[in-house]
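As a plain string of letters, each chain reads:
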Amino acid sequence: LPPGAGDGDFVLSPGALIPQKGHGRVIRALGTWPSPPPLVVAGFHGRSGYAARLRRLAALHHVPLRIVRDLDPETLRRFLGQARVTTIAAVREPFGLVSLEAQAAGRPVVVVDEGGLPETVAPGETGLVSSPRAEEFGEALHSLWADAPRQEQMGARGRERVAELYSIERCGARLEAALG
């Protein structure tokens, strides 16, 4: 992905529109802020009625919410590059590919300390790993949101790290070694 400018004034929560992707966790975390920024939930598919539940939750917590459905890969790349911060709060996500995609786009991430998500982040270097509890998650998001130089530094390091550790060549060599 080309590096992003992070010029969008929003937090991005990508993933299918299902409860397991943790969009509600993100809304509750942003709801701990005195004046939360806009949240873009960008999903590919989802359960009927879940978007309405997210809208009600966002209204309850005074979080400006935009839901983008049926996302194509180019639009996702654009959102990943424009978001000031991308957050992944999925419940027991086995790995968290979208975290790597955000970092490849040169943007910092905040993930919950659950499942395989922490494996995708170098804490304090490419993003943050947080408890999924609303107060702590909200504090982690806010600390990164409020620090533009840190966003840029983490984004640049994330892009480098993804290229170093997750290139097709590197992953292919690790697979061959494992099968070898």
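Located above this text is the structure these notes cover.
The shown structure was predicted, so the numbers you read here are calculated from the model rather than taken from an experiment. (Residues numbered from 1 in each chain as written. Predicted model: local features only at pLDDT ≥ 70, side-chain atom pairs only at ≥ 80, totals over all residues. Heavy atoms only, no water.)

1. Here we look at the sheet that holds strand β3 (residues 65-68)
- With parallel pairing, the six strands of this open sheet are ordered in space as β3-β2-β1-β4-β5-β6. At either margin of the open sheet sits one strand with a lone partner, and together these are β3 and β6 (127-130). Recorded for the sheet is a direction-independent mean angle of 20° between the axes of neighbouring strands.
- Bridge count for strand β2 (residues 39-42) against β3 is four bridges, and the pairing is parallel. Note on β3: the bridge partner recorded for L39 is L65.
- In the packing of helix α4 (residues 97-104) onto the sheet, the strands contacted are β1 (11-14), β4 (85-88) and β5 (109-112), and the crossing angle to β5 comes to about 165°. (Pairing = 2+ DSSP bridges. Helix = DSSP H or I, 4+ residues; strand = E, 2+ residues; numbered from the N terminus. Axes fitted to C-alpha atoms, helices over the stretch in contact; angles between N-to-C directions. Contact = heavy atoms within 4.5 Å.)

2. Observations regarding the packing of aromatic side chains
- This structure, assessed with the given rule, holds three aromatic pairs.
- Ring geometry for F10 and F79: centres 6.0 Å apart, planes at 90°, overall edge-to-face. Here F79 lies in helix α3 (residues 73-82) and F10 lies in the segment before β1, a separation of 69 residues in the sequence. F79 carries the same exposure label as F10, and that label is buried.
- Just above the ring of F79 sits the side chain of R78; from NZ or CZ to the centre is 5.9 Å.
- Of note, R84 hangs over the ring of W145, and the distance from its end group to the ring centre comes to 3.7 Å. (Phe/Tyr/Trp six-rings, centres within 6.5 Å; stacked < 30°, edge-to-face > 60°. Buried < 20%, exposed > 50% of the residue type's maximum accessible area, 1.4 Å probe, protein only. Lys NZ or Arg CZ within 6 Å of the ring centre and 35° of its normal.)

3. Some points on helix α7 (residues 168-179)
- The end-to-end C-alpha distance of α7, which contains 12 residues, comes to 16 Å, matching closely the 16 Å that a straight helix rising 1.5 Å per residue would cover.
- Sparse coverage of α7 is indicated by the burial of zero of its 12 residues. (Expected span 1.5 Å × (residues − 1).)

4. Concerning unusual backbone geometry
- Despite not being glycine, D70 shows a phi value in the positive range, around 50°.
- Mapped onto the elements, D70 comes out in the loop between β3 and α3.
- You will see that R92, though not glycine, has its phi angle at about 50°, which is positive.
- For R92, the position within the fold is in the loop between β4 and α4.

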